[in-house]
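So the chains spell out like this:
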Amino acid sequence: MELSSMNELIEVCTKEKKNIGEVMLKMEEENSAKDKDTIVQLMEKRLKQMEETIRRGQTSTDLASSGISGGDTRKMNNYLKHQQPLSGDYISDAMTFALATSESNAQMGVIVATPTAGAAGVLPGVLFSLQRHAGTSYKDLVMGLFTASALGYVIANRAFVSGAAGGCQAEIGSATAIAAGTIVELKGGTPEQAVHAAAIAMKSLLGLVCDPVAGLVEVPCIKRNVIGTSIAFSSADLALAGIESRIPCDEVIQAMYNIGKDMPSALRETALGGLAATDTGKQVKERLFGQKSSCRVNNKPRDM
Amino acid sequence: MEFRSCFDIIGPVMVGPSSSHTAGVVSIGTFIYEWLRGSPERADIIFYHSFAETYQGHGTEKALLGGLLGMDMADLQVKQAIEIAEQEGVHYTLQFEESCPYYDHPNTVVVRARRKKHVVTAGGVSLGGGLSKIFMLNGEMVDIYLRTSDDISKVAAQYCRDEERAMEGGV
């Protein structure tokens, strides 16, 4: 079995009376030589790693080796302890978990790429917020990862998921879209509603460029992961209310692909445009990499 | 369809910060480690293009050394690979070039490594999402894919066997 479009995904769900996650699990069974239990265990291992990354990130005060990120999870936690967040429990916790994950990523901690390392914060953020506030069981969260992977599979094969290839819209855009659809399915929405949520989320991030300061996966990547969780929840709420994306999801993905293809290379991870090219961005790059030598051996002093 | 499995989307489990500049590079190092059946005593590394520009921020050299030391992409020790290379007696040099003359891709590296009598020159490219390819091995152009779900020791062993068989057959 192959899923070549969101339309096809919905058709298969309808025909087989399965939700998106169950369809993905069945497809994986057919396409790999593994049995269902093995596949579920492998996915559970990834969920456990996400939880572990969040747990470690919550208490970390470390900075990344660049010195330009780190320590914000702690600030967010302090704020939540003493004040009522404006964005509510679901979103504020999802933001904190995403922050913990993406800060860990910048510090070379262990993360799960979802679908990339640069966008690793969004999905774990929403999943563990659902666990805390909606009481979603561990077993359901594992199924949520299958839902997410089905949506990501279609996007990745029809367009792209990396900032270098298609800008941040491809990276955080895809991660947010699959997180939105996953929230809908975990909250009992239909496959159609999940796909509408994915479309609405992706539309909200269309055109977003990849402009990392000094080429590092830190500024603005970490905060874009964080904000991605709030777009995922807003999009999911719209879809659960029965609101549809006027442009079908497959066409939104096509638009994302076309925009990415048209995006100049300066705005696709090369750190030559956008925020990377601001005065501050350029200063950071100069400070970190200004004295690059053409050759190095391991016994000489290091400048990092 | 490049992405074939749910684990291509949810995964790999890896040390950050970049699936293409970090995780995929560990696999290239691991392939060389497996090929030499251990860590090299000396490695001469050339980073090209984007790797040469951004290796520091992404820990690309740590990732490659981690692989050469036999670590996998989820090993937290990758972060300390430079210090561990020193302790283990792995001497290395790093060189930076603009574009790779052998393979047209921004994320390319060529490594010449020696362990005892064995010497290998390998060209690797990190294609994204942790997927890598060895495109050159000892002067020959090859297509050896290193997927995150692969056991790289098996991939390397398979390729070694094929080569030994070919040599025995006088090809």
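Remember, predicted model here, so these are calculated numbers, not experimental data. (Residues numbered from 1 in each chain as written. Chains lettered and ligands numbered in written order. Predicted model: local features only at pLDDT ≥ 70, side-chain atom pairs only at ≥ 80, totals over all residues. Heavy atoms only, no water.)

Chemist: In this structure, what is going on with the interface of chain B and chain A? I would like to understand it.
Modeler: The parts lose accessible area when they come together, and the size of an interface is often stated as this lost area. Across the contact, 42 residues belong to chain B and 54 residues belong to chain A. When the two sides are added together, the surface that chain B and chain A hide from each other amounts to roughly 4,000 Å², 60% of it contributed by carbon and sulfur. There are 0 salt bridges connecting chain B and chain A. Along the contact surface separating chain B from chain A lie 11 residue pairs in polar contact (both at pLDDT 80 or more). If you list the elements that add at least two residues to the side of chain B that touches chain A, you get α1 (6-9), β1 (13-15), α2 (19-36), α3 (49-58), α4 (60-68), α5 (81-87) and β3 (91-97) of chain B. Class assignment of the residues belonging to the side of chain B that touches chain A gives a composition of 21 nonpolar, 14 polar and 7 charged. (Contact = heavy atoms within 4.5 Å. Buried area = accessible area lost by both parts, 1.4 Å probe. Salt bridge = Lys/Arg side-chain N within 4 Å of Asp/Glu carboxyl O. Polar contact = N/O pair within 3.5 Å; in protein donor to acceptor, adjacent residues only side chain to side chain. Helix = DSSP H or I, 4+ residues; strand = E, 2+ residues; numbered from the N terminus. Nonpolar A, V, L, I, M, F, W, Y, C, P; charged D, E, K, R; others polar.)

Chemist: Where do I start with the side chain of Ser-245 of chain A in this structure?
Modeler: Residues and elements named next belong to chain A. Tracing the backbone through its elements, the reader meets Ser-245 in the loop between α11 (221-240) and α12 (249-262). Separated by 2.6 Å, the side chain of Ser-245 and the backbone oxygen of Ile-247 make a polar contact. For Ser-245, the residues in contact, after removing those within four places along its chain, are His-196, Ala-199, Ile-200, Lys-203 and Val-252.

Chemist: Before we go on, may I ask you to explain α3 of chain B in this structure?
Modeler: Because the α-helix completes a turn every 3.6 residues, residues three or four places apart line up on one side. Of all the 10 residues making up α3 of chain B, 7 are buried; the element is thus mostly covered by neighbouring parts of the structure. Of all the positions in α3 of chain B, only Ser-50, Phe-51, Ala-52, Thr-54, Tyr-55, Gln-56 and His-58 of chain B are classed as buried. (Buried < 20%, exposed > 50% of the residue type's maximum accessible area, 1.4 Å probe, protein only.)

Chemist: For this particular structure, what's the right way to read the pairing of strand β7 (residues 140-146) of chain B?
Modeler: Remark: a regular strand shows side chains that alternate across the two faces of the sheet. Residues and elements named next belong to chain B. Here strand β6 (residues 131-137) pairs with β7 via 5 bridges, running antiparallel. Along β7, the bridge assignment pairs Leu-137 with Glu-140. Connecting β6 to the next strand, β7, in antiparallel fashion are 2 residues, including Asn-138 with a positive phi near 50°. (Pairing = 2+ DSSP bridges.)

Chemist: I tried to follow the UniProt feature "domain: Serine dehydratase-like alpha subunit" (unreviewed entry) in chain A on my own but got confused; where do I start?
Modeler: Following the UniProt record, one finds the feature "domain: Serine dehydratase-like alpha subunit" (unreviewed entry) at residues 16-276 of chain A. Within the segment residues 16-276 of chain A, helix and strand shares are 66% and 1% respectively, and the terminal C-alpha atoms sit 48 Å apart. (UniProt positions renumbered as here; feature names shortened; annotations may be inferred.)

Chemist: What am I meant to see in the nonpolar core here?
Modeler: If you look at the biggest cluster of nonpolar residues, it comprises 83 residues, and the most contacted ones within it are Met-6 and Ile-155 of chain A together with Ile-10 of chain B. Broken down by element, the residue count for this core peaks at 11 residues, all from helix α7 (residues 138-158) of chain A. (Core = buried A, V, L, I, M, F, W, Y, C linked by side-chain atoms within 4.5 Å.)

Chemist: Please explain the packing of aromatic side chains as it appears in this structure.
Modeler: The relation between two aromatic rings is expressed through the spacing of the ring centres and the mutual angle of the planes. The tally for this structure, following the rule as stated, stands at 8 aromatic pairs over all chains. For the ring pair Tyr-90 of chain A and Phe-233 of chain A, a centre distance of 5.7 Å and an interplane angle of 65° mean the geometry is edge-to-face. With Tyr-90 of chain A in helix α5 (residues 88-106) and Phe-233 of chain A in helix α11, the pair connects residues that are 143 residues apart, well separated along the chain. Owing to a relative accessible area of 8%, Phe-233 of chain A belongs among the buried residues under this scheme. Between the aromatic rings of Tyr-103 of chain B and Phe-135 of chain B, the centroid separation amounts to 4.7 Å while the plane-to-plane angle is 25°, which identifies the pairing as stacked. On the criterion of sequence distance, the pair formed by Tyr-103 of chain B in the loop between β3 and β4 (108-115) and Phe-135 of chain B in strand β6 is long-range, its members being 32 residues apart. Positioned over the ring face of Tyr-145 of chain B is Arg-147 of chain B, at 5.7 Å from the centre of the ring. (Phe/Tyr/Trp six-rings, centres within 6.5 Å; stacked < 30°, edge-to-face > 60°. Lys NZ or Arg CZ within 6 Å of the ring centre and 35° of its normal.)

Chemist: Would you explain the pattern of salt bridges in this entry?
Modeler: Opposite charge on two side chains lets them pair, provided their charged atoms get close. All names here are of chain A. Scanning the model with the defined rule gives 12 salt bridges over all chains in all. The salt bridge involving Lys-26 is made with Glu-30; its shortest N-O contact spans 3.6 Å. Of the two residues, Lys-26 and Glu-30 both sit in helix α2 (residues 20-31), 4 residues apart, roughly one turn of that helix. With a relative accessible area of 43%, Glu-30 lands in the partly exposed category. The residue Arg-55 makes a salt bridge to Glu-52 at a minimum N-O spacing of 3.0 Å. Linking Arg-55 with Glu-52, this pair stays in helix α3 (residues 36-59), spanning 3 residues, or about one helical turn. In this structure Glu-52 comes out as partly exposed when scored by relative accessible area, which is 23%. Salt bridges here are not isolated pairs; linked through shared partners, they connect Glu-16, Lys-26 and Glu-30.

Chemist: Help me out: how do you make sense of α7 of chain A in this one?
Modeler: With 21 residues, α7 of chain A should cover 30 Å at 1.5 Å per step; its first-to-last C-alpha distance of 30 Å lies within 8% of that length. By the criterion of burial, α7 of chain A is predominantly enclosed, with 16 of the 21 residues buried. (Expected span 1.5 Å × (residues − 1).)

Chemist: Help me understand the pairing of β6 of chain B in this model?
Modeler: Residue and element names in this part refer to chain B. Counting buried positions along β6 yields 7 of 7 residues, so the element is predominantly enclosed. In this sheet, β6 lies alongside strand β5 (residues 118-128) in antiparallel orientation, the contact comprising 6 bridges. Paired with Ser-126 across the two strands is Ser-132, which belongs to β6. Connecting the antiparallel pair β5 and β6 is a turn made up of 2 residues, with Gly-129 showing a positive phi of about 65°.

Chemist: Sorry, what's going on with the state of the cysteines here?
Modeler: Here a disulfide denotes a covalent bond joining the sulfur atom of one cysteine to the sulfur atom of another. Residues and elements named next belong to chain A. For the coordinates displayed, the defined rule picks out 0 disulfides over all chains. The cysteine Cys-13 is free of any disulfide, with Cys-249 supplying the nearest cysteine sulfur at 13 Å. Note on Cys-13: relative accessible area 3%, which makes it buried. This cysteine, Cys-210, is not joined by any disulfide, and Cys-168 carries the nearest cysteine sulfur, 6.1 Å off. In this structure Cys-210 comes out as buried when scored by relative accessible area, which is 10%. (Disulfide = S-S within 2.5 Å.)

Chemist: Would you explain unusual backbone geometry in this entry?
Modeler: Residues other than glycine predominantly adopt negative phi, and peptide bonds predominantly adopt the trans conformation. In this structure, Pro-220 of chain A follows Val-219 of chain A across a cis peptide bond, with omega equal to 10°. Take Pro-220 of chain A: it is sitting in the loop between α10 (191-205) and α11. The omega torsion across Gly-11 of chain B and Pro-12 of chain B is 5°, close enough to zero to call that bond cis. For Pro-12 of chain B, the location among the structural elements is in the loop between α1 and β1. If you check the backbone angles, Met-108 of chain A has positive phi at about 60° while not being a glycine. Summarising the element assignment, Met-108 of chain A is placed in the loop between α5 and β1 (110-112). Relative accessible area serves as the criterion here: at 8%, Met-108 of chain A is assigned to the buried category. Residues other than glycine seldom take positive phi values, yet Glu-269 of chain A does so here, at roughly 70°. Residue placement: Glu-269 of chain A occurs in the loop between α12 and α13 (279-289).

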